[in-house]
Amino acid sequence: MKHINIIGGGLAGSLMAVLLAQKGYQVRVYERRPDMRKVQLDGGRSINLALSVRGIHALEEAGLKEEVMELAIPMPGRMIHHRDGSLEFQPYSNDPSNYINSVSRAELNKRLMTRSENLAKVDYFFNCRCLGMDFETGEAEMLNTETGEKFKLDGETTIAADGAFSAVRYDMQKTERFNFSQDFLTHGYKELEIPSAKGGGFQMEKNALHIWPRDEYMMIALPNLDGSFTCTLFFPFDGEDSFNSMQTKDQVKAFFDKQFPDAVAMMPTLLDDYFENPTGSLVTVRCFPWAYQDKVALMGDACHAVVPFFGQGMNAAFEDCSELSKCIDENKGDWAKIFDQYQHARKANSDAIADMAIENYTEMRDHVNDAEFVFQKQVEHHLENHTDSYKSRYEMVSFSRIPYAEAYRRGKLNKEILKKITAGIEKVEEIDMAKAEKIIKEVMG
Ligand SMILES: Cc1cc2nc3c(=O)[nH]c(=O)nc-3n(C[C@H](O)[C@H](O)[C@H](O)COP(=O)(O)OP(=O)(O)OC[C@H]3O[C@@H](n4cnc5c(N)ncnc54)[C@H](O)[C@@H]3O)c2cc1C
């Protein structure tokens, strides 16, 4: 069987390597960074991600579910930290067996790498950066950043999983009729830390995604296996309260004391973390086509980076792997057909999750504080409990594999349904279920 080049040994590239090797392909993965199993990256910071059903399904297809779930901490809901210091737990689902999972990005990536290398059909080449691609020949130009040596990858089939600022996509932009857009939010992010309690254990509820919603900005925290939490402050770049306006330790301390007092008490390294850790930007990337003939296809953030407010970027990238794997099985060896089917199956879905992720930002930083929002969530859970015909958008996105585009469509109809059902009522107990069923049927069509 021919061999496949994968550019980018991140989450999607490493999972795709496993799936391809299982089909018998010889795979070569070229990764810009050093081997993270030998060298500590990201300054040793622990960064975690929310893994949910779509990602878990893809891992299961690769035979990796059990191994990865050992790393996971279940988060069945959000823990809201209100300004007055009170806590409020909001479950994500009315079914307690539904939860999202906090997983260490680095540990997950390492396991994917190790598993693919163990398959003996996969070779990793680290410190190998792709500089670009010639689309006529399909040859990628590479640089070994350790030796300074440049080399070319042959024109066999290539999968580009080289992230949101993909070098392959950059050159694809120069091909005819290639559509591309990138939109940065006016907010960026910074990772901070809540360490484990003295003597071990968690300083806050372990099984929750913690949120400090503050209207124009927010902080979140996800648990790590060692008892610590990785916090992320999502904050405007400019303006009165912003990364640019907070330049001194006194300013940062005063701001955190005022806005997140319960968290500050648990953050002994806050000021060092704030000034040492980089400020990240948040981008939505859309493009099409994702493939060029039988030569190359983009995958994951390289073709659809989304903002992180639905916790779906990695899950969507893993769903790409599932879809590409299915297309390979259905179109034996015809790579032009494989890539074409794959890109058409995924494009509308990746656009939908991009839009939903942006919408969810306002929900997380603002609406979760709102009594009306909390009531609507209670109504949604009540409907889910008492009828099979209603599913909330969060449920469809995080706890099902209903295509994102369909979840987006049905989510818009849900708003109409909720408006009609809650008109004139103030308590969940006042819902007339016969009437509610009728409304759901009418609106869903
Ligand atoms: C703050 C934040 C929080 C997030 N939280 C979540 C979450 O909770 N849940 C979720 O599902 N998603 C989350 N995401 C999104 C998730 O991180 C991405 O969607 C996911 O990493 C995409 O995987 P990928 O393999 O496509 O890209 P990446 O993971 O970025 O991997 C790309 C790889 O390619 C390598 N590379 C880059 N350029 C080159 C080159 N020129 N040559 C060779 N190699 C190269 C990189 O070193 C990297 O290893 C979050 C993102 C951010 C920014």
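Since this is a predicted model, take the numbers as computed values, not measurements.

Caption draft 1: Geometry of the pattern of salt bridges. Tallied over the full model, the rule gives 24 salt bridges. Its salt-bridge partner being lysine 174, residue aspartate 171 comes within 2.6 Å of it at the nearest N-O pair. For the salt bridge of glutamate 406 with arginine 409, the shortest nitrogen-to-oxygen distance reads 3.1 Å. With glutamate 406 and arginine 409 both in helix H14 (residues 404-422), this residue pair falls three residues apart, about one helical turn. Glutamate 406 sits in the partly exposed class, given a relative accessible area of 26%. With relative accessibility at 43%, the residue arginine 409 sits in the partly exposed group. Three or more residues joined by partner-sharing salt bridges are found here, namely Asp35, Arg37, Lys38 and Glu117.

Caption draft 2: Expanded view of the site of the ligand. In the region of the ligand, 29 residues are neighbours, and Glu31, Arg33, Ala50, Arg105 and Asp301 sit closest. Between the ligand and alanine 50, the relevant distance is 2.7 Å, taken from an oxygen atom to a main-chain nitrogen or oxygen of the residue. In the model, an oxygen atom of the ligand is placed 3.2 Å from a nitrogen or oxygen of the glycine 311 main chain. Alone, the ligand offers 1000 Å² of accessible surface; in the complex the protein occludes 88% of this. At the level of elements, helix H1 (11-22), strand E3 (48-51), strand E9 (128-134) and helix H10 (313-330) are the ones that each hand at least two residues to the shell around the ligand. Considered class by class, the residues forming the shell around the ligand number 13 nonpolar, nine polar and seven charged.

Caption draft 3: Molecular detail of the sheet that holds strand E12 (residues 158-160). Taking strand neighbours across the sheet as the criterion, the six strands line up as E8-E2-E1-E12-E19-E18 in an open arrangement whose pairing is mixed. The sheet terminates laterally at strand E8 (122-125) and strand E18 (291-292), the two strands that pair on one side only. Contacting strand E1 (3-7), E12, E18 and strand E19 (296-298), helix H11 (residues 335-365) runs over the sheet at an angle of about 15 degrees to E19.

Caption draft 4: Region of the structure containing the domain arrangement of the chain. For the chain, the domain assignment lists domain 1 (3-42 + 105-181 + 283-360) and domain 2 (370-444). Computed from C-alpha atoms alone, the centre-to-centre distance between domain 1 and domain 2 is 37 Å. Between domain 1 and domain 2, the contact holds 14 residues from the first and eight residues from the second. Buried area between domain 1 and domain 2, summed over both chains or domains, comes out near 1000 Å², and the portion from carbon and sulfur atoms is 57%. Of all residues in domain 1, Phe310, Asn349 and Met356 give up the largest surface area on contact with domain 2, accounting jointly for 45% of the area buried on that side. Remark: the boundary between domain 1 and domain 2 carries one salt bridge. For arginine 393, the salt bridge identified is with glutamate 359, shortest N-O distance 2.8 Å. Counting every contact that joins domain 1 to domain 2 gives five residue pairs in polar contact (both at pLDDT 80 or more).

Caption draft 5: Looking closely at the environment of alanine 291. Inspection of the secondary structure assignment puts alanine 291 in strand E18. We classify alanine 291 as buried; its relative accessible area is 11%. On a C-alpha basis, the gap between alanine 291 and threonine 186 in space is 31 Å, while along the polypeptide they are 105 residues apart. Residue contacts for alanine 291: discarding those within four places in its chain leaves Met172, Val296, Ala297, Phe339 and Gln343.

Caption draft 6: Focus on H10. Taking 1.5 Å per residue, 18 residues should reach 26 Å; H10 reaches 26 Å between its end C-alpha atoms and fits that length. Burial of H10 is extensive: 15 of the 18 residues sit out of reach of the surface.

Caption draft 7: Structural context of the pairing of E9. With six bridges connecting them, E9 and strand E10 (residues 139-144) associate as antiparallel partners. Across the sheet, the residue bridging to cysteine 130 is methionine 142, located in E10. The hairpin formed by E9 and E10 contains four residues between the paired strands, and glycine 138 there has a positive phi angle of roughly 80 degrees.

Here is what the cut-offs are and how they apply
Residues numbered from 1 in each chain as written. Predicted model: local features only at pLDDT ≥ 70, side-chain atom pairs only at ≥ 80, totals over all residues. Heavy atoms only, no water. Salt bridge = Lys/Arg side-chain N within 4 Å of Asp/Glu carboxyl O. Helix = DSSP H or I, 4+ residues; strand = E, 2+ residues; numbered from the N terminus. Buried < 20%, exposed > 50% of the residue type's maximum accessible area, 1.4 Å probe, protein only. Near = heavy atom within 4 Å. Polar contact = N/O pair within 3.5 Å; in protein donor to acceptor, adjacent residues only side chain to side chain. Areas by Shrake-Rupley, 256 points an atom, 1.4 Å probe, with all protein chains shown as cover. Nonpolar A, V, L, I, M, F, W, Y, C, P; charged D, E, K, R; others polar. Pairing = 2+ DSSP bridges. Contact = heavy atoms within 4.5 Å. Axes fitted to C-alpha atoms, helices over the stretch in contact; angles between N-to-C directions. Domains from an automatic or database assignment. Buried area = accessible area lost by both parts, 1.4 Å probe. Expected span 1.5 Å × (residues − 1).

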